[in-house]
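Observations on chain architecture
Each chain is listed here by its residues.
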Amino acid sequence: ETAVFQTPNYHVTQVGNEVSFNCKQTLGHDTMYWYKQDSKKLLKIMFSYNNKQLIVNETVPRRFSPQSSDKAHLNLRIKSVEPEDSAVYLCASSTLGAQDTQYFGPGTRLLVL
Amino acid sequence: GEKVEQHESTLSVREGDSAVINCTYTDTASSYFPWYKQEAGKSLHFVIDIRSNVDRKQSQRLIVLLDKKAKRFSLHITATQPEDSAIYFCAASPNNYAQGLTFGLGTRVSVFP
């Protein structure tokens with residue numbers, strides 16, 4: 001049963017363009033995350049948001065920015081995409097604690113030409 | 001920061017046998033260790049986790065062991081079935097508020113008849 005929704009599923013764009021990915025969770029969770037999975041399947045945390053506050057901001061390039069309107073939504077904007085941004089972007093959510101299970105969305109695959 | 005090493009990159013097991021995946025971590029503050037399964041073209045699906053207050057947990061055919069002294073944890077898939085074929089990721093999380101997960105590189109498990 002899907003409870004973390006992501007759009008779009010797939011996006012193709014050119015270098016320098018701006019893209020925005022959406023994520024919504026219906027689990028009533030307090031914390032949401034964005035992860036990047038590269039072509040070698042390596043998964044890395046990018047951001048986490050709790051009650052509209054940025055909790056973790058790993059060393060990601062400044063062109064990436066998370067945007068949240070409420071605790072059920074966390075979008076990801078990339079201002080000027082570069083070829084190395086081609087990856088799958090996974091959104092996840094959990095309740096408040098660090099020991100709580102994170103549930104992942106289906107992912108958005110980005111291809112930068 | 002935390003580093004998680006997943007020791008087996010691939011595992012090939014005969015149907016009905018057991019598969020074991022081993023992971024080690026570096027941060028003694030880590031206290032939560034989930035496992036995820038990723039089938040081809042799909043997102044991460046939570047399968048089982050263990051917290052640092054126990055050293056063993058079982059859920060049906062899955063067993064997770066945790067050795068805090070050695071900073072090692074493992075996933076045992078017993079009585080493997082073809083549908084167990086997937087990439088399995090181990091992860092670790094410190095007991096910090098809303099921290100993201102640090103993932104291993106994944107183990108591709110193939111179950112053959």
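About the cut-offs
Residues numbered from 1 in each chain as written. Chains lettered and ligands numbered in written order. Predicted model: local features only at pLDDT ≥ 70, side-chain atom pairs only at ≥ 80, totals over all residues. Heavy atoms only, no water. Salt bridge = Lys/Arg side-chain N within 4 Å of Asp/Glu carboxyl O. Contact = heavy atoms within 4.5 Å. Polar contact = N/O pair within 3.5 Å; in protein donor to acceptor, adjacent residues only side chain to side chain. Helix = DSSP H or I, 4+ residues; strand = E, 2+ residues; numbered from the N terminus. Nonpolar A, V, L, I, M, F, W, Y, C, P; charged D, E, K, R; others polar. Core = buried A, V, L, I, M, F, W, Y, C linked by side-chain atoms within 4.5 Å. Buried < 20%, exposed > 50% of the residue type's maximum accessible area, 1.4 Å probe, protein only. Pairing = 2+ DSSP bridges. Axes fitted to C-alpha atoms, helices over the stretch in contact; angles between N-to-C directions. Disulfide = S-S within 2.5 Å. Phe/Tyr/Trp six-rings, centres within 6.5 Å; stacked < 30°, edge-to-face > 60°.

Here we take up the pattern of salt bridges. The tally for this structure, following the rule as stated, stands at nine salt bridges over all chains. Residues joined by salt bridges that share partners form a network here, namely Arg63, Glu82, Glu84 and Asp85 of chain A.

Attention now moves to the interface of chain A and chain B. Each partner contributes residues to the interface: chain A has 22 residues there, and chain B has 22 residues. Viewed at the interface, chain B and chain A are joined by zero salt bridges. The tally of links between chain A and chain B comes to six residue pairs in polar contact (both at pLDDT 80 or more). Secondary structure elements with two or more residues in the side of chain A that touches chain B: strand S4 (31-37), strand S5 (43-50) and strand S6 (53-57) of chain A. Across the side of chain A that touches chain B, the residue classes break down as 12 nonpolar, eight polar and two charged.

Here the focus is the nonpolar core. The biggest cluster of nonpolar side chains holds 24 residues, and the ones touching the most others in it are Ile21, Phe33, Trp35, Ile48, Phe73, Leu75 and Tyr88 of chain B. Going through the elements one at a time, strand S2 (10-14), strand S3 (19-25), strand S4 (30-38), strand S5 (44-51), strand S7 (62-67), strand S8 (72-77), strand S9 (86-94) and strand S11 (107-112) of chain B are the ones with two or more residues in this core. Beyond its immediate chain neighbours, meaning those up to four positions away, phenylalanine 33 of chain B contacts Tyr25, Ile48, Asp49, Ile50, Leu66, Phe73, Ala91 and Ala92 of chain B. Core analysis: the next-biggest nonpolar cluster, separate from the first, contains 19 residues, Phe21, Tyr89, Leu110 and Val112 of chain A among them.

Residues and elements named next belong to chain B. Read from one edge to the other, the open sheet built from five strands follows the order S1-S3-S8-S7-S6, with strand pairing classed as antiparallel. Every interior strand has two partners, whereas the edge strands, strand S1 (4-6) and strand S6 (56-59), have only one. Strand-to-strand, the axes of this sheet are offset by a mean angle of 15°, without reference to chain direction. One ladder, built from six bridges, connects S7 with S8; its direction is antiparallel. Within S8, the position partnered with valine 64 by the bridge is leucine 75.

Let's shift gears to the state of the cysteines. Inspection of every chain in the model, using the stated rule, returns two disulfides over all chains. Sulfur-sulfur distance for the disulfide between cysteine 23 of chain A and cysteine 91 of chain A comes to 1.9 Å. Given an S-S torsion of about -80°, the disulfide between cysteine 23 of chain A and cysteine 91 of chain A has left-handed geometry. With a gap of 68 residues between them, cysteine 23 of chain A in strand S3 (residues 19-25) and cysteine 91 of chain A in strand S9 (residues 87-94) connect regions that are remote in the sequence. Of the two residues, cysteine 23 of chain A and cysteine 91 of chain A, neither departs from the other in class, the shared state being buried. There is a disulfide in this structure between cysteine 23 of chain B and cysteine 90 of chain B, and the S-S distance comes to 2.0 Å. Its S-S torsion of about -100° marks the bond between cysteine 23 of chain B and cysteine 90 of chain B as left-handed, since a negative value means left-handed. Taken as a pair, cysteine 23 of chain B in strand S3 and cysteine 90 of chain B in strand S9 lie far apart in primary sequence, 67 residues in all. Assessed through its relative accessible area of 0%, cysteine 23 of chain B is described here as buried.

Position of glutamine 38 of chain B among the secondary structure elements: in strand S4. A distance of 3.0 Å separates polar atoms of two side chains, one belonging to glutamine 38 of chain B and the other to glutamine 37 of chain A. If near-sequence neighbours (up to four positions away) are discounted, glutamine 38 of chain B is found in contact with Gln37 and Lys41 of chain A together with Ser43, Leu44, Ala86, Ile87 and Phe89 of chain B.

In this section: the packing of aromatic side chains. Two descriptors summarise a pair of aromatic rings, namely the distance from one centre to the other and the angle between the planes of the rings. Residue and element names in this part refer to chain A. In the structure shown here, the tally under the stated rule is 15 aromatic pairs over all chains. Measuring from ring centre to ring centre gives 5.7 Å for phenylalanine 21 and tyrosine 89, while their planes differ by 40°; the resulting arrangement is tilted. Taken together, the positions of phenylalanine 21 in strand S3 and tyrosine 89 in strand S9 put the pair 68 residues apart, joining distant regions of the chain. Here phenylalanine 21 and tyrosine 89 have matching classes, each one buried.

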